[in-house]
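# An overview of the molecular structure
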2 protein chains.
Amino acid sequence: TPQHVKAVFDNMLSRSPKNHFTVGIVDDLTNTSLSLGPDLDTVPAGTVQCKFYGLGADGTVGANKQAIKIIGDHTDLFAQGYFAYDSKKSGGFTVSHLRFGKKPIQSSYLITHVDYVACHKASYVRQYDILDGLREGGAFVLNSSWSLKDMEKELPPAMRRIIARKKIKFYNVDAVKLATDLGLGGRINMIMQTAFFKLANVLPFKEAVDMLKASIRDAYGDKGDKVVNMNISAVEKAMDALQEVKYPAAWADAPDEPENTLEEPEYISGYVRPILAQRGDKLPVSAMFPDGVVPPGSSAYEKRGIAIDVPEWQPASCIQCNQCAYVCPHAAIRPFLLSAEESAGAPASLSQVKAIGKELDGLKFTMQIYALDCQGCGSCADVCPAKQKALLMKPLESQAVAQEANLAYVRGHVSIKDGLLPRDQLKGSQFYQPLLEFSGACAGCGETPYVRLLTQMFGERMTIANATGCSSIWGGSSPSNPYTVNKDGHGPAWGNSLFEDAAEFGFGINMAYDLRRARLVDLAQRLQKEKIPATLHKAIDAWLAGRDDGAASGPLGEAVLDELAQSPSGDLAHEIWQLADFFAKKSVWIFGGDGWAYDIGYGGLDHVLASGEDINVLVLDTEVYSNTGGQSSKATPLGSVAKFAASGKKTDKKDLGRMAMSYGYVYVASVSMGANKTQLIKAFKEAEAYKGPSLIIAYAPCINQGLRKGMGKSIEEEKLAVESGYWPLYRYNPELAAKGENPLQLDGKAPDGTLQSFLSGENRYAQLERSAPEESRRLRAGLEKTCNARYNLLKQLSELPGK
Amino acid sequence: TPQHVKAVFDNMLSRSPKNHFTVGIVDDLTNTSLSLGPDLDTVPAGTVQCKFYGLGADGTVGANKQAIKIIGDHTDLFAQGYFAYDSKKSGGFTVSHLRFGKKPIQSSYLITHVDYVACHKASYVRQYDILDGLREGGAFVLNSSWSLKDMEKELPPAMRRIIARKKIKFYNVDAVKLATDLGLGGRINMIMQTAFFKLANVLPFKEAVDMLKASIRDAYGDKGDKVVNMNISAVEKAMDALQEVKYPAAWADAPDEPENTLEEPEYISGYVRPILAQRGDKLPVSAMFPDGVVPPGSSAYEKRGIAIDVPEWQPASCIQCNQCAYVCPHAAIRPFLLSAEESAGAPASLSQVKAIGKELDGLKFTMQIYALDCQGCGSCADVCPAKQKALLMKPLESQAVAQEANLAYVRGHVSIKDGLLPRDQLKGSQFYQPLLEFSGACAGCGETPYVRLLTQMFGERMTIANATGCSSIWGGSSPSNPYTVNKDGHGPAWGNSLFEDAAEFGFGINMAYDLRRARLVDLAQRLQKEKIPATLHKAIDAWLAGRDDGAASGPLGEAVLDELAQSPSGDLAHEIWQLADFFAKKSVWIFGGDGWAYDIGYGGLDHVLASGEDINVLVLDTEVYSNTGGQSSKATPLGSVAKFAASGKKTDKKDLGRMAMSYGYVYVASVSMGANKTQLIKAFKEAEAYKGPSLIIAYAPCINQGLRKGMGKSIEEEKLAVESGYWPLYRYNPELAAKGENPLQLDGKAPDGTLQSFLSGENRYAQLERSAPEESRRLRAGLEKTCNARYNLLKQLSELPGK
């Protein structure tokens, strides 16, 4: 993010009196760039130019910035860094352009003549033009688990030809394996940086390693000794792991593979593919859709393959609870039910078991992994309640191919059987098609599981007004659209206007819908006064009676249309047909994060909630401005470290729920998926059904919070948050008050005393514990007091007599 | 307001198919104008051109618009209306420019050749150039109580000369007397409109009267039969009351009066006076202050004299409670204490009695009326609790002269004795000089008494960030400034940025103050480390210890400066002198109405309250957007009629106080001056003293609410609102929570069952009762339920055990 670059830039200016730097800053959202110094200077002779292809989550950019800092702080060399990103969240694609040299560098353009290129993600070799511009005899470092033999298959022929013809110094390092062995998970940055210092010849290697180690102590000191030591080990062991690839001279003439015959829609092949391959700037204007509409479901074509490990289903252990699918942030694991015929036609590789439950009698059950769409967080395996885990994490390479035929079969030949179990039940909900899939969200994202579930409950009639923030980025990263449609072509309509106006935007949409539905009602009633068949009259009656029932209104409308199609047509009927999509009651949702809901968009949110209109709001509360890198919001709790709250936030979290409750006519729920999956479904169902404004505040773990156990544990963290009293669970339903009951139902238990250990499990709290132990104790004691007092107050309020 | 003009314009277009109109719209806030049709057309021959000088409260503009409508709807004449305002609230100056004729009128400029001019306020004859442009033989109608003999004295010689030389048809009508006799109070519009139809010769008179009566039934129908009948009587009786003035021919040579020798500051004589006389557009740019600063206290020079009746003090009946001064919206009635010497030197006309109370032993007491500054609401007389009222309302003419010498004496020769009784007591507070006086607020304004009191409690160290709204208009109507200073030159610093950003604006000011005070502390502590006299060292110690005490910090700072003046000066001392105004702890206030606090500025208000900073917010809650003419806000209660809520508001009033309380660290009070004057002072005192954010929500009756008893009863209305349960009284003090007590104190009693009668006393509720009785009943039952439920909840919350 630009903030990161700015921070590095400031660091450099302040730390490097000896040197000058130029740093290009590109904001990938606004496409503005800032460069220092004249534009047109050519690169001085002797400058070493390096490119790094990284994954947002692997630390490549951070390591590159660290390299600049090390070289800038400790040598006489001039340095330049430029960092390009796609707009995916963590896990997205990054390219770093670094230059080093003895003369000032003032070239504010991308590197075209490359001395050193590193590809930190093996699957990129087929997605991007990695070796573009690499000079004769230049160095290429690849992170892969491939043997030379594998490479014959995995590296595209064109790449092999370039390597051999240009006599590239080609090295491979299995950084993932090494990092995993060291306990670093997917963080391969130190290993790759060591390779850079070894091969790019910018500094004497030994010297560089010493500086690298010192910088590790400096950078990771606040994360604890363990992290420091793991990274230092990574540097030390990286040398052995780095192996020169002794490729055969025959690569110079590697024959082309047979052409890909896959047929894809024009939008995908002509527009999405070039952009995904970073060739969007070569598209003509005519390739753009002039109305700004993005077709649904395009993310399914990405097949990013960025996971390290993906789950493998163990049918024998599975209890068919569907919790794995329920918590998956990317809809990359889904249960299917197979009829006898579908079962019989399945490939042998497709594991099937008898479906459990009398409603599913006679059907087979399978849990299908979408290996190339999975980001490998492991939430599914973590949440699996079976005695023996029914999901085991296995390397992507082993699964992608194995699952290919199975996936093609269930998608192409197995129908979605979504009417057999209740939609508002954990297990039943997962037999409904998720209409949010394969988004650009981070692995383990706490936000997307909520939205994916919503699309399973109401997706075919949803409209979403999205505030700017993470949910607008993973929800709308051009050119891909992760919102998709069901077999009837129905799915969420989605739009984003501004950061601050999502509530107003959604309110306006809702108002337009209300008016158009009122028009439809009027037309239908007028039609009834004409001479029409009795069956049509009756169908209209039924729809009029049930038109405000979310689930029933659509089918009742279909029945009217069926009758209408068989009746003589006039002007009224014609206009009714034009409004046919308003027979189904729309489910209008406003999505945003806490930066929007608690801060920047709060004025509008409050106004819309106060309006009394039938509209639904989902706040994905990560307790910081996640999209811009973790700035403090009014949702940030006391004592939490965030940007602009570096010594821990000094005020309590705003109680948005209680403020909304004060209206009395706003449905309010506080939910946490991992803590109570049933309460969550209840809240969604009640909120959507309530004929007035609804506000759901959902606890969403986020990479900015620094879960020490990793983002694969985000669902468990949601549970611990509630048990410790950190996050309250409740539902405030004005309909109960109308019945004379207390509208507030407290769904969580009293804090169990684990709050401090919960806090220590997240770096946002833990880092203050190390850097300022006394202040940390004071703030955390205050936070505990607040959490307890909030629970007590909610309990007291929930126990007041109704009227 | 532009909205009014727009509404009339729309009416005309829709109601007058026969005719064309041009209507100029001037927004007096933005100085933008909209005109229809070409600019340069001259007025067609035969067009009748009329000007009306009115008072904002007397209905002149409304009547003029009605005249246009009558003529437009019922005749073949073309009509044009243009309405110019000053920026005072109700009671301000208006000039209407009306043209009527048989040919289309497309002249978008003010009337310069006048056929008919009406002056609806007698005192204007000396303030404005009323007869400017009146043609030979034209008609002039004056509303005054003057006999011909009075006119010799009251009309300026130049005016008399013009009347006689141009052979003006001069008529007088004592419209105030007639209106008062009919029960119409100050509303003379129908009487003056009758005079217009009689004398301007636009329509046959009988025809015009019939149309006028019909339009009265149409316009006032929703205010009830009584109002309709009073207005029809006014039309009928106006003819007898309209008397031609048989002025002597000698007026043609009326000799000039001796020149006014009053000496005034250059700012007043050179800048304020020309603007007040509507000659501001003749001022050169050099007359403006380039920095935008307006000197304090300039409203005291206006002496608008717009009241009809003003109070006369009855010393024998007075119990010296000072409640009259406490409730006065314009600081136009003030108690003074006279020493023996001051008493002896006073003019005989100054009534004095022995001051009551042992702290005031040996002093005399007088209650001084500021007759020309008074707007005649009568709040003082109404609130007077003495057995025999100690204030009687008498015609302004009888009082202005009688009080002139007394006023000059108390202002010039009687010191303000403000240290004798406690400042935070009702009686004591009124011996402190009000630092808000003679503002442009409406007669009986519910807002200004709160602010006036605040200035008496904290004025000399106050800074005010004001949202746009009534309080920014009466608080800052160029060229006058109603905020003034005490004898030391200290008073509120006041600024207005935008409608929506008052909270942020005040927050920024506060932040700057904090930083500058921190700098002062640093300087003082550094000075202590130098070789300085022990007395200076001690004085600094004392100030450092007491620097956060609002009342003590100023004097402690003075003591430091006294010592510093006697010590050798160096760089540190020099810089301390530059920051000398930061020794006193500032009292930073954010003012705004409900349109700002509940709606447009709420996002910022919430953010500032959440900040935890020591800042004070006063919400003047009139329950509508008062400044723009009464649009519904989120503070508008269920069932209240307002613009955009013409059939009664359908949702409950937002509970701003409870929302702010949810933070736990925000001081919150709900107050209503007339209901509990002591609770109000307590709330102001606690809020100001609290070292964190404070929010005071003050119930403020307003002309937009349509109090049926009139605005002179606004203080009583505040009492009835609380007794009926319509408005809650409470204080939420986080300091109590810190002591383990319940922070919420409920200061009001349970609703006493009078809510429905309270509602029927205000047109905003009563008019729905007439126009839609069933809906009115439904909404009012809902409102009663809400009020009772709110009281019960607050009571339950206030009774929860502390911790």
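Because the structure is a prediction, the values reported are computed rather than measured. (Residues numbered from 1 in each chain as written. Chains lettered and ligands numbered in written order. Predicted model: local features only at pLDDT ≥ 70, side-chain atom pairs only at ≥ 80, totals over all residues. Heavy atoms only, no water.)

## Considering the interface of chain A and chain B
Stated formally: Any two residues whose heavy atoms approach within 4.5 Å are treated as being in contact. A quick way to say it: buried area is the sum, across both parts, of accessible area lost when two parts are put together, with a 1.4 Å probe. We define a salt bridge as a contact between a side-chain nitrogen of Lys or Arg and a carboxyl oxygen of Asp or Glu at a distance within 4 Å. Helix numbers and strand numbers start at the N terminus; a helix is a DSSP run of H or I with at least 4 residues, a strand a run of E with at least 2.
Between chain A and chain B, the contact holds 26 residues from the first and 25 residues from the second. Note on chain A versus chain B: buried area summed over both sides is about 2100 Å², and carbon and sulfur give 62% of it. Where chain A packs against chain B, one counts four salt bridges. Between Asp-606 of chain A and Lys-634 of chain B there is a salt bridge, with its nearest N and O atoms 3.5 Å apart. Within the residue set of the side of chain A that touches chain B, elements represented by two or more residues are helix H21 (594-600), helix H22 (602-610), helix H23 (656-661) and helix H29 (773-799) of chain A.

## As for the sheet that holds strand S12 (residues 353-354) of chain A
Residues and elements named next belong to chain A. To keep it simple, the criterion reads: Pairing between strands is defined by DSSP: at least two bridges between the two strands are required. Lines fitted to C-alpha atoms define the axes, with helix axes restricted to the stretch in contact, and inter-axis angles between N-to-C directions lie between 0 and 180 degrees.
Pairing in this open sheet of three strands is antiparallel, and the strands run S11-S13-S12 from one edge to the other. Of all strands in the sheet, those bounded by a partner on one side alone are strand S11 (333-338) and S12. Along the sheet, helix H13 (residues 396-413) makes contact with S11 and strand S13 (364-369), crossing S13 at roughly 120°.

## Description of the nonpolar core
The criterion, for reference: The criterion is simple. A nonpolar core is a set of buried Ala, Val, Leu, Ile, Met, Phe, Trp, Tyr and Cys residues joined through side-chain atoms within 4.5 Å. Each residue gets one of three labels from its accessible area relative to the maximum for its type: buried under 20%, exposed over 50%, partly exposed in between, using a 1.4 Å probe on protein chains only.
Ranked by size, the top nonpolar core spans 216 residues in total, and within it Tyr-450 and Leu-618 of chain A together with Leu-618 of chain B carry the most contacts. Per element, the largest residue contribution to this core is nine residues, and it comes from helix H17 (residues 502-528) of chain B. If we skip the residues at most four places from it in the chain, Tyr-450 of chain A touches Leu-618, Leu-620, Val-671, Ser-672, Met-673, Leu-680, Phe-684, Ala-698, Tyr-699, Ala-700 and Glu-718 of chain A.

## Describing the packing of helix H2 (residues 60-74) of chain A against helix H7 (residues 205-220) of chain A
For any two helices packed against each other, one specifies the crossing angle of their axes together with the interaxial distance. All names here are of chain A. Filter applied, for reference: What sets the label is the angle itself: under 35 degrees gives roughly parallel, over 145 gives roughly antiparallel, 65 to 115 gives roughly perpendicular, and the rest give oblique. Crossing chirality is assigned from the near helix's rotation relative to the far helix, an anticlockwise turn below a right angle marking it left-handed and a clockwise turn marking it right-handed. Side-chain classes are defined by residue name, with Ala, Val, Leu, Ile, Met, Phe, Trp, Tyr, Cys and Pro counting as nonpolar, Asp, Glu, Lys and Arg as charged, and the others, Gly among them, as polar.
One way to put it is that H2 packs onto H7 with a least axis distance of 10 Å and a crossing angle of 115°. As judged from the angle between their axes, H2 and H7 are roughly perpendicular. The interaxial crossing formed by H2 with H7 has right-handed handedness. Judged by residue contacts, Gln-66, Lys-69, Ile-70 and His-74 of H2 engage Met-211, Leu-212, Ser-215, Ile-216, Asp-218 and Ala-219 from H7. Split into classes, the residues belonging to the contact of H2 with H7 amount to five nonpolar, three polar and two charged.

## Remarks on the sheet that holds strand S13 (residues 364-369) of chain B
Residues and elements named next belong to chain B. Taking strand neighbours across the sheet as the criterion, the three strands line up as S11-S13-S12 in an open arrangement whose pairing is antiparallel. Because the sheet does not close on itself, it has two edges, and the strands there are strand S11 (333-338) and strand S12 (353-354). The pairing of S11 with S13 spans six bridges and is antiparallel. Across the sheet, the residue bridging to Ile-333 is Ile-369, located in S13. Running over the sheet, helix H13 (residues 396-413) touches S11 and S13 and is turned about 120° from S13.

## Quick look at the relation of the copies chain A and chain B
Test applied: Least-squares superposition of the copies uses the C-alpha atoms of those residues scoring a pLDDT of at least 70 in each of them.
When chain A is fitted to chain B, the best match, at an RMSD of 0.1 Å, comes from turning it 180° and sliding it 0.0 Å along the axis. What the rotation and shift describe, once combined, is the action of a two-fold rotation axis. Of the interface residues in chain A, 96% have counterparts in chain B that sit at the interface too, so the contact is made through matching surfaces.

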